[in-house]
Amino acid sequence: MTEVISPSSPRAHALTKDENGLPVFVKPEKPARAASTLRPEIQALRAVAVLVVVVYHLWPKTLTGGFVGVDVFFVISGFLITAHLMREADRTGRISLPKFWAKRIRRLLPASLTVLAASAIGVYLLVPQMYWMQFFKEIAASALYVQNWALASSSIDYLAAENVASPVQHFWSLSVEEQFYLAWPILIGLVVLFAQRMSVRARRSLVFVALAVVAAASLYFSVTYTATNPGEAYFATTTRAWEFAAGGLLAVVGTAITASHGVRTLVAYAGWAGIAYAVITYSGQTAFPGSAALLPVLATVAVIWAGDPDSAVSPNKLMGTRPVQFIGGISYSVYLWHWPLIVFATIVFTDVQIATKIAIILASIGLAWLTTVLIENPARDWKGLVRRRPRWTLLAMVVAVLLVAVPTGAASWAMSQQATADTARAATAVASAEECFGASEFAVPEGACDAVEHETLTPQPSFALEDEAEVYDNGCYADLVTPDLNTCVVGDAASEVNVALIGDSHAASWYPAMKAIAEDNDWALSPYMKSSCPMSAATKQDDEADIERSCAAWNDTLAETLTSQQQPLDLVVLAHSAAGDKYGSDSETVEGFRAAWAPLVEQGTQVVVIRDIPQMTAGTNLCIAETSGEDRACDRPENEALVDDLMVEAATDQPGVTVIDMNDFFCRDGSCSPVIGGVVGYRDSHHITATYSATLAPYLNERIEAAVPAVAGTAAPK
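Since we're looking at a predicted model, the values are computed, not measured.

## Concerning the overall build of the protein
Stage number 1. Summing up its helical and strand segments, the protein has 27 helices and 15 strands in all.
Stage number 2. By its C-alpha atoms, the protein is 130 × 55 × 45 Å across when sized along the principal axes.
Stage number 3. Considering only residue pairs separated by 6 or more positions, the protein has 80% of its internal contacts joining residues 24 or more positions apart.
Stage number 4. Total accessible area computed for the protein in this model is approximately 32,900 Å², and 59% of it derives from carbon and sulfur atoms.
Stage number 5. Of note, the protein has its 46 positive side-chain charges centred 26 Å away from the centre of its 71 negative side-chain charges.

Right, dumping it as structure tokens:
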């Protein structure tokens, strides 16, 4: 029977013939609704991934491994993007990079830039000024999608350890994704171009090999780098590329691997179980990503491969429900909004209770729905860009990114300039030796400075974090992973008195005072300092193997340098973080210190240990900013602020080793103050400002003279 369809309308009747050959009109069947391109299991994965991340951020002790939700997203992205690219390659034999990037831009950037702009406004309105420089800098980095590298850099910066989490810290994962969207189509496009004359099957095989090589190399790097430097490895794109590649490999070959609905159902359950196990059992102590990421990644691959099996007991009976699919549909925007809301709530309310946490979840979902409906979907299909060449979308992206990155970057830069000016003002104040300024207030009887008023605090609390010793910038200080011993000399390099200041960042805090003493006495001062690595013959214990090895190598070189000099040092001044360094047990730590000092003492060098300073709380400078430190409102009880110092214990009753305690310039009447003589004494909870250190110089000098008169007696007369 021949059928002829009238072209006049899709709803027209069809002209056909009956069994006798006579023409008749019949009403066609109702057209089937176009199948949704959204796979229910992928939407379910998105929903679960974003929910476990949100719960982890709000209740980190409940779902200790909730951070693996990010890895689920990475696999999904790798699968979907690779599948999209391969369909285009199969259809056209090539890949249009501009079209691909234009679609990604319209899909992702409008919502993300909206959240970044809202976060910038929130920072201005809600966040104390002392955090503006860091927060605006991170917003600019997020707008440029390099936030992961900014955080990776901070992870190896010991002095950034107390940075407050910014409202855009979560953009690290979005930065990784955007970098993937930039590089992945180029890689696949080059392979497709090379294999242009091959069959579709051969071309897919070549793409599979290329992705497998990337996956293997990235996984190997992830495992090795996570073992040696987990902080930086966590944020690095190179340690995560294999997760995208895992999804990509499935996209290339997934359809070629078939199985019954029963098998697919079992695989789906196994995949969901793997994700659940990682979410529940992983924690901050898990070396991640590394090999630990294999479980959530392969589990996600299993769920995607299993698809939507036609089984009465399929997990998709639950995962396909409307609420789960709804959350999956707005998951991107939920992820965008939840973290800024958490950070701002923490700043505003300090102690975030369960009611506030529930409100954050509801607000995240509400804002995500509005963003999806009003911004994300309209921008993706906006005809003004869809109908134009991709370069117009790219141009719109550049303009939009700059509208966010330039103002926030400029604000951060302006704050840094203010910090520089504040540092110069502090140096002038120190040089002027004003009455009762800084440590001099505690050098006179209590109450003697009550009549002296300081117009402003020095440095300003907002810039105290930037008031650091110049040793960090002049090449004389080694960071956490640098094993090299940096050799510098300040003061009179030709002096007959040779002094060394040795230790970690707490020793660096004494550098301004020691530099002033060396210059006044015409000493040659050599600073030997390294982050989190005081002088010791014991082995440092750290979660990161690179830091352990680096510290050991640095100490070996230091010992060789100090004992091989033709003219032994006259004086070595030591300081360290009593609360921060681990060298085994207490006894092992003490013996490690003594063993390192012994060769110096044997050659006649005088050793002075400066007892570690009192510790403040993490919110001390915020307290100062709010109260100006008046009435000692931000003081800490002395019995809480002082910590046991094993270096002092090691020095006790050791010939040639003397202890100097400067803590009476921090504490008085059982209370330790972060503001003394109009000077903010602390950069953070346990590093003193360069300004306060400089005001301590004359008093430290007096105690060195008393402790080692033989060295002090050789100083040049003044």
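## Examining the state of the cysteines
Stage number 1. Applying the stated criterion to the full structure yields five disulfides.
Stage number 2. One disulfide in the model links C436 with C449; its S-S distance is 2.0 Å. One disulfide, between C436 and C449, carries an S-S torsion of -80 degrees and so falls in the left-handed class. Residue C436 is found in the loop between α17 (390–432) and β4 (477–478), and its partner C449 is found in the loop between α17 and β4; the two are separated by 13 residues along the sequence. C449 carries the same exposure label as C436, and that label is buried.
Stage number 3. The residue that forms a disulfide with C533 is C551, at a sulfur-sulfur distance of 2.1 Å.

## Thoughts on the packing of helix α19 (residues 511–521) against helix α26 (residues 697–707)
Stage number 1. Two numbers describe how α19 lies on α26: the axes approach to 9 Å, and their chain directions differ by 70 degrees. Considering their axes alone, α19 and α26 lie roughly perpendicular with respect to each other. The two elements α19 and α26 cross, and the hand of that crossing is right-handed. Contact with α19, carried on its side by A513, M514, A516, I517 and N521, involves A697, L700, N701 and I704 of α26 and no other residues of that element.
Stage number 2. Of the residues belonging to the contact of α19 with α26, the class tally is seven nonpolar, two polar and no charged.

## Examining the pairing of strand β9 (residues 606–610)
Stage number 1. Across the five residues that make up β9, a large majority, four, are buried.
Stage number 2. Relative to strand β11 (residues 657–660), β9 runs parallel, the two sharing four bridges. Each residue of the ladder has a partner; that of V609, found in β11, is V659.

## Side note on the packing of aromatic side chains
Stage number 1. All chains considered together, the criterion is met by 23 aromatic pairs.
Stage number 2. An aromatic cluster of three or more residues is present, and its members are Y56, F67, F74, W172, F180, Y181, W184, Y234, F235, F244, Y282 and F288.
Stage number 3. In this structure, R388 is placed above the aromatic ring of W392, and the distance from its NZ or CZ to the ring centre is 5.0 Å.
Stage number 4. If you follow R668 out to its NZ or CZ, it ends over the ring of F442, 4.4 Å from the centre.

## As for the environment of L318
Stage number 1. Relative to the helices and strands, L318 resides in helix α12 (residues 316–319).
Stage number 2. Classification of L318 by relative accessible area gives exposed; the value is 57%.
Stage number 3. Sequence separation between L318 and A575 is 257 residues, and the spatial gap between their C-alpha atoms is 60 Å.

## Notes on the sheet that holds strand β10 (residues 636–637)
Stage number 1. Taken together, the three strands give an open sheet; going across it, the order is β10-β13-β12, and neighbouring strands pair in antiparallel fashion. Strands with a single pairing partner mark the edges of an open sheet, and in this sheet they are β10 and β12 (667–668).
Stage number 2. Taken together, the two bridges between β12 and strand β13 (residues 671–672) define a ladder with antiparallel strand orientation. Paired with C667 across the bridge in β13 is C672.

## Things to note about a positive patch on the surface
Stage number 1. Among the surface-exposed residues, R87, R91, R94, K99 and K103 lie close enough to one another that they form a single positively charged patch.
Stage number 2. Of all the secondary-structure elements, those providing two or more residues to the positive patch are α2 (69–92) and α3 (97–126).
Stage number 3. Using a relative accessible area of 48% as the deciding quantity, one classes R94 as partly exposed.

## Some details on helix α14 (residues 331–349)
Stage number 1. Between its terminal C-alpha atoms α14 stretches 26 Å, which fits the 27 Å expected from 19 residues at 1.5 Å a residue.
Stage number 2. With respect to burial, α14 is a largely interior element, 14 of its 19 residues being buried.
Stage number 3. Positive backbone phi, at 65 degrees, marks T350, one or two positions downstream of α14.

## Let's talk about the pattern of salt bridges
Stage number 1. Under the criterion given, the structure shown has 14 salt bridges.
Stage number 2. Across the pair E470 and K515 runs a salt bridge, and its minimum N-O distance is 2.7 Å. One end of the pair, E470, is in the loop between α17 and β4; the other, K515, is in helix α19, with 45 residues separating them in the sequence.
Stage number 3. Residues joined by salt bridges that share partners form a network here, namely D71, R240 and E243.

## Description of helix α7 (residues 200–228)
Stage number 1. When the terminal C-alpha atoms of α7 are compared, their 42 Å separation across 29 residues agrees well with the 42 Å that a helix rising 1.5 Å per residue should span.
Stage number 2. Among the residues of α7, R203, R204, V207, A210, L211, A215, S218, S222, Y225, T226 and T228 are the ones counted as buried.
Stage number 3. Buried residues along α7 sit in contact with α2, α6 (171–194), α8 (230–235), α9 (241–253) and α20 (545–563).

## What to know about the environment of L457
Stage number 1. For L457, the location among the structural elements is in the loop between α17 and β4.
Stage number 2. For the pair L457 and I676, spaced 219 residues apart in the sequence, the C-alpha separation amounts to 9.6 Å.
Stage number 3. Those residues in contact with L457, other than ones at most four positions away along the chain, are R425, I624, S628, V675, G678 and V680.

## Focus: a nonpolar patch on the surface
Stage number 1. Side chains of I121, Y124, L125, L126, V348 and F349 sit close together on the surface and give an oily, nonpolar patch of about 640 Å² of accessible area.
Stage number 2. Structurally, I121 is set in helix α3.

## Observations concerning the environment of Y472
Stage number 1. Mapping Y472 onto the fold places it in the loop between α17 and β4.
Stage number 2. As a C-alpha pair, Y472 and M397 span 75 residues in sequence and 38 Å in three-dimensional space.

## Things to note about the confidence of the model for the protein
Stage number 1. Confidence in the prediction for the protein averages 88 pLDDT; 92% of positions are at 70 or higher.
Stage number 2. Low pLDDT (under 50) marks residues 1–36, which in the prediction has 31 contacts with non-local residues, meaning those over four places away or in another chain.

Reading the values: rules and limits
- Residues numbered from 1 in each chain as written.
- Predicted model: local features only at pLDDT ≥ 70, side-chain atom pairs only at ≥ 80, totals over all residues.
- Heavy atoms only, no water.
- Helix = DSSP H or I, 4+ residues; strand = E, 2+ residues; numbered from the N terminus.
- Contact = heavy atoms within 4.5 Å.
- Areas by Shrake-Rupley, 256 points an atom, 1.4 Å probe, with all protein chains shown as cover.
- Lys, Arg positive; Asp, Glu negative; His and termini not counted.
- Charge placed at Lys NZ, Arg CZ, Asp CG, Glu CD.
- Disulfide = S-S within 2.5 Å.
- Buried < 20%, exposed > 50% of the residue type's maximum accessible area, 1.4 Å probe, protein only.
- Axes fitted to C-alpha atoms, helices over the stretch in contact; angles between N-to-C directions.
- Parallel < 35°, antiparallel > 145°, perpendicular 65-115°, else oblique.
- Left-handed = near helix turned anticlockwise from the far one by under 90°.
- Nonpolar A, V, L, I, M, F, W, Y, C, P; charged D, E, K, R; others polar.
- Pairing = 2+ DSSP bridges.
- Phe/Tyr/Trp six-rings, centres within 6.5 Å; stacked < 30°, edge-to-face > 60°.
- Lys NZ or Arg CZ within 6 Å of the ring centre and 35° of its normal.
- Patch = residues over 30% accessible without salt bridge, like charges linked within 9 Å, V, L, I, M, F, W, Y side chains within 5 Å.
- Salt bridge = Lys/Arg side-chain N within 4 Å of Asp/Glu carboxyl O.
- Expected span 1.5 Å × (residues − 1).
- pLDDT = per-residue confidence, 0-100.

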